[in-house]
Amino acid sequence: MADAKVIPFDEERPRRRVAGTRRVRAVPAPAEEPAGEPAVAEPAAAESGGAAWDRRIAGGLAFLRRRVTGDYEVDAFGYDKELTDQVLMSLMRPLFDKYFRVEVKGIENIPAEGGALIVANHSGTLPLDGLMMQVAVHDHHPAQRHLRLLAADLVFMLPVVNELARKAGHTLACSEDAQRLLEAGELVGVMPEGFKGIGKPFGDRYKLQRFGRGGFVSTALRAGTPIVPCSIVGAEEIYPMVGNAKTVARLLGIPYFPITPTFPWLGPLGAVPLPTKWTIQFGEPIATDGYPPEAAEDPMLMFNLTDEVRERIQHTLYKLLVQRRSVFF
């Protein structure tokens, strides 16, 4: 298979036509029907339906041709926008819409353009919450923006997962990559709890873990981009983690080996997540562009902003938990 064309990340590219718009071409007025001869209705619906399928098939064949010949673009991080839009999003969307039935709130708090750092809680044993957040931003934001998630080292050490993560726009959770993305006007998603959040026991659900050293605040201050708190309810219950086989985890070289009511007792079937009802709420952004450049080096300021973001997320989590009717409906 041919290699894709790698484009510089910050290269200025011509603005593409907005999806959903089309060019309008003047069409000559139809000739008048002779008197006494009624006009015959054309099967417009049937033709339009057939034309739609023809366009889909032609589009699919063109997509396959570009993948085989390498006639597509990836950026310096390996992000493949076409593959993400046409394949990866299509695979995640049924989970989002039908299985978890995700309700999205506060999407207007995400800016229409320019960089922003979205900070969310992390949970669920497997990182499905990050993927669902990515779909929420793309499908529900008026500008259909793409969220570039910061992922742990382990993600990029796993075969297949590594390649798919890069193609979907994920990158290593380091300040340099995050700042570069933010300064280029991208939306960046981070879950500061890391493995402490995603692998916490079921008894500690919806209790935020420590947010590290506030590195995400320092990155946002340097880039001068707003911080958008995000609270996710529903992910905690997809794999109720009642135990952790630490010996097995050490042998496998992973942070934890979850034990749930269904895994590993039911084998692969136990890896199927429970169909919980999710809510993702984006809070009001916290501006950082009013601080001087040296503010990124102020440990007290970073501590205060980190604590503010954490408290906002935790408060919203409690509020959403009070409002929901049940875990599954």
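Below you will find a few notes about this structure. Computed from a predicted model, the values in this text were never measured in an experiment.

## Remarks on the pairing of strand β8 (residues 227-233)
Thinking step 1. The buried count for β8 comes to 7 of 7 residues, which makes it a mostly enclosed element.
Thinking step 2. As paired strands, strand β4 (residues 116-120) and β8 are joined by 4 bridges and run parallel to one another. Each bridged residue has a counterpart across the sheet, and for L117 the counterpart in β8 is I227.

## So, the sheet that holds β4
Thinking step 1. With respect to topology, 7 strands assemble into an open sheet ordered β3-β11-β8-β4-β7-β5-β6, the strand pairing being mixed. Of all strands in the sheet, those bounded by a partner on one side alone are β3 (103-105) and β6 (171-172).
Thinking step 2. Across 3 bridges, strand β5 (residues 147-151) lies against strand β7 (residues 187-190) in parallel orientation. Counterpart to R148 in the pairing with β7 is V188.
Thinking step 3. Where helix α3 (residues 128-140) meets the sheet, its contacts fall on β3, β4, β5, β7, β8 and β11 (279-282), and the angle it forms with β5 comes to roughly 165°.
Thinking step 4. The sheet contacts of helix α7 (residues 215-223) involve β4, β7 and β8, and relative to β4 the element is tilted by about 165°.

## Some thoughts on the packing of aromatic side chains
Thinking step 1. Counted under the stated rule, the structure contains 4 aromatic pairs.
Thinking step 2. Judged by centre distance (5.2 Å) and plane angle (75°), the rings of Y99 and F100 are edge-to-face.
Thinking step 3. Owing to a relative accessible area of 27%, Y99 belongs among the partly exposed residues under this scheme.
Thinking step 4. Residue F100 is classed as buried on the basis of its relative accessible area, which comes to 0%.
Thinking step 5. A centroid spacing of 5.8 Å and a plane angle of 40° characterise the contact between F257 and F263, whose relative ring orientation is tilted.
Thinking step 6. Judged by its relative accessible area of 18%, F257 is buried.
Thinking step 7. We classify F263 as partly exposed; its relative accessible area is 23%.
Thinking step 8. Among the aromatic residues, ring-to-ring pairing joins Y99, F100 and W278 into one connected group.
Thinking step 9. Geometry around F156 places R166 over its ring, the cationic atom sitting 4.4 Å from the centre.
Thinking step 10. Positioned over the ring face of F202 is R205, at 4.0 Å from the centre of the ring.

Rules used throughout
- Residues numbered from 1 in each chain as written.
- Predicted model: local features only at pLDDT ≥ 70, side-chain atom pairs only at ≥ 80, totals over all residues.
- Heavy atoms only, no water.
- Buried < 20%, exposed > 50% of the residue type's maximum accessible area, 1.4 Å probe, protein only.
- Helix = DSSP H or I, 4+ residues; strand = E, 2+ residues; numbered from the N terminus.
- Pairing = 2+ DSSP bridges.
- Contact = heavy atoms within 4.5 Å.
- Axes fitted to C-alpha atoms, helices over the stretch in contact; angles between N-to-C directions.
- Phe/Tyr/Trp six-rings, centres within 6.5 Å; stacked < 30°, edge-to-face > 60°.
- Lys NZ or Arg CZ within 6 Å of the ring centre and 35° of its normal.

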